[in-house]
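# Working through the structure, step by step
Letter by letter, the chains look like this.
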Amino acid sequence: MDDTAALKKTPLHGLHLSLGARMVPFAGYDMPVQYPAGVMKEHLHTRTEAGFFDVSHMGQIIVKAKSGSYEDAALALESLVPVDILGLAEGRQRYGFFTDDTGGILDDLMITHLDDHLFVVVNAGCKEADFAHLQANIGDQCDITLLNRALIALQGPRAVEVLAELWADVAAMKFMDVRHCRLHDVSCLVSRSGYSGEDGFEISIPADKAEDVAMRLLEHPDVQAIGLGARDSLRLEAGLCLYGNDIDTTTSPVEAALEWAMQKARRAGGARVGGFPGSGRILSELENGAARRRVGLKPEGKAPVRGHAKLYADAEGKTEIGEVTSGGFGPSVEGPVAMGYLPISHAAVGTHVYAEVRGKFLPVTVSALPFVTPTYKR
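Definitions and limits used
Residues numbered from 1 in each chain as written. Predicted model: local features only at pLDDT ≥ 70, side-chain atom pairs only at ≥ 80, totals over all residues. Heavy atoms only, no water. UniProt positions renumbered as here; feature names shortened; annotations may be inferred. Pairing = 2+ DSSP bridges. Helix = DSSP H or I, 4+ residues; strand = E, 2+ residues; numbered from the N terminus. Axes fitted to C-alpha atoms, helices over the stretch in contact; angles between N-to-C directions. Buried < 20%, exposed > 50% of the residue type's maximum accessible area, 1.4 Å probe, protein only. Contact = heavy atoms within 4.5 Å. Polar contact = N/O pair within 3.5 Å; in protein donor to acceptor, adjacent residues only side chain to side chain.

The name an unreviewed UniProt entry assigns to the chain is aminomethyltransferase, from the organism Rhizobium bangladeshense. According to its UniProt record, the chain has this under Catalytic activity (unreviewed entry): "N(6)-[(R)-S(8)-aminomethyldihydrolipoyl]-L-lysyl-[protein] + (6S)-5,6,7,8-tetrahydrofolate = N(6)-[(R)-dihydrolipoyl]-L-lysyl-[protein] + (6R)-5,10-methylene-5,6,7,8-tetrahydrofolate + NH4(+)". The annotation that UniProt attaches to the chain under Sequence similarities (unreviewed entry) is "Belongs to the GcvT family."

Right, dumping it as structure tokens:
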């Protein structure tokens, strides 16, 4: 029996096959993990030129108040996230997360203020649950629409020049700006954002026009198709969380070192303090700190330390103190990199701990995140 038959396909599935991609199941979709160039070359190409990513498996959702007022839509969504959405300027995007009653993270997402409504991008593996969560909690006040559109990303130092050949105004956009535009005569929504640590763009496109726009971008000599393998090593070097690995319902935003994503308006003393699920715990941790923290980890030597490796305080592996959540080889760093959770007592940069890899205890040093300097155009 063909297992791939049950997997969903993005609008660019045929294009990936024509480019020689190796396909793997990911979040219920048949997705390209790498192309003939291989993960290492794809990663380095994105850091030096421009990488093209198909992220159409992600969920794109419109949240619009039944009243037609942006303020009503923003306040409704604020009841589910510890983020200032009312203060989000039109044409601007902000990172956020759905929290649950225990202060854990249900999903992380990107939230955009577009005209009188919100455009929300959620993770592929959570999109049905997120849609249901929105519908159940704010569906009486807002119309929630899961869009059937393609989503692509163009990331890297040459991304702006490449995209400017299709739309000159793109160069004026700043990090987290979002604009409507026409690319190759197709109506698109472009944000200056991404998941690589590089300057770049994410482009929402009508599904039936996605291949036209994709082919136009891939024709450019500086652009190369990039699979999920390099997408993972790029985001790991950039210190960015992957939902289901580094954050989930067992991690709070403060434990996950995501305090920066919770604005003053929603904190103690703010205009709209609390009012989101798990606010008791999250506000307390913002004030007093959490018992553990997500940290960067640099293993000594060349052997990568993978997710789920246990972390110990001692070289004998007697005192288990934490766990690696993501790890692998960092092509730009030219060595292994990882992230994981450690108690505050061991979370300071420069602290030495030990990771269990195949029965051995390898020395690992707590490192500042990110491992590479982001090149966002602020």
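Remark on secondary structure: sheet strands pair via backbone hydrogen bonds, oriented parallel or antiparallel. Pairing is antiparallel in the open sheet, where 5 strands are placed in the order β5-β6-β7-β4-β8. Across the chains shown, the open sheet's two edge strands, defined by having one partner strand only, are β5 (93-99) and β8 (142-146). Mean inter-strand twist for the sheet, computed between neighbouring axes without regard to direction, equals 30°. Across 5 bridges, strand β4 (residues 59-65) lies against β8 in antiparallel orientation.

The positions UniProt marks with the feature "domain: Aminomethyltransferase C-terminal" (unreviewed entry) are residues 292-372. As annotated, residues 292-372 has a helix share of 0% and a strand share of 56%, and its two end C-alpha atoms lie 24 Å apart.

Take the environment of Ser233 next. In this structure, Ser233 sits in helix α7 (residues 228-237). Given a relative accessible area of 10%, Ser233 falls into the buried group. Residues Ser233 and Thr365, spaced 132 residues apart in sequence, show a C-alpha to C-alpha distance of 19 Å. Each residue touching Ser233, except ones within four places of it in the same chain, is listed here: Val39, His43, Phe329 and Pro331. Side-chain polar atoms of Ser233 contact the side chain of His43, separated by 2.8 Å.

A word on unusual backbone geometry. With omega at -5°, the peptide bond leading from Leu369 into Pro370 counts as cis. Although it is not a glycine, Met176 adopts a positive phi angle of roughly 75°. Along the chain, the position of Met176 falls in the loop between α5 (159-164) and β10 (178-183). Note on Met176: relative accessible area 12%, which makes it buried. One non-glycine residue, Glu334, adopts positive backbone phi at about 60°. Looking at the secondary structure, you find Glu334 in the loop between β16 (320-330) and β17 (335-343).

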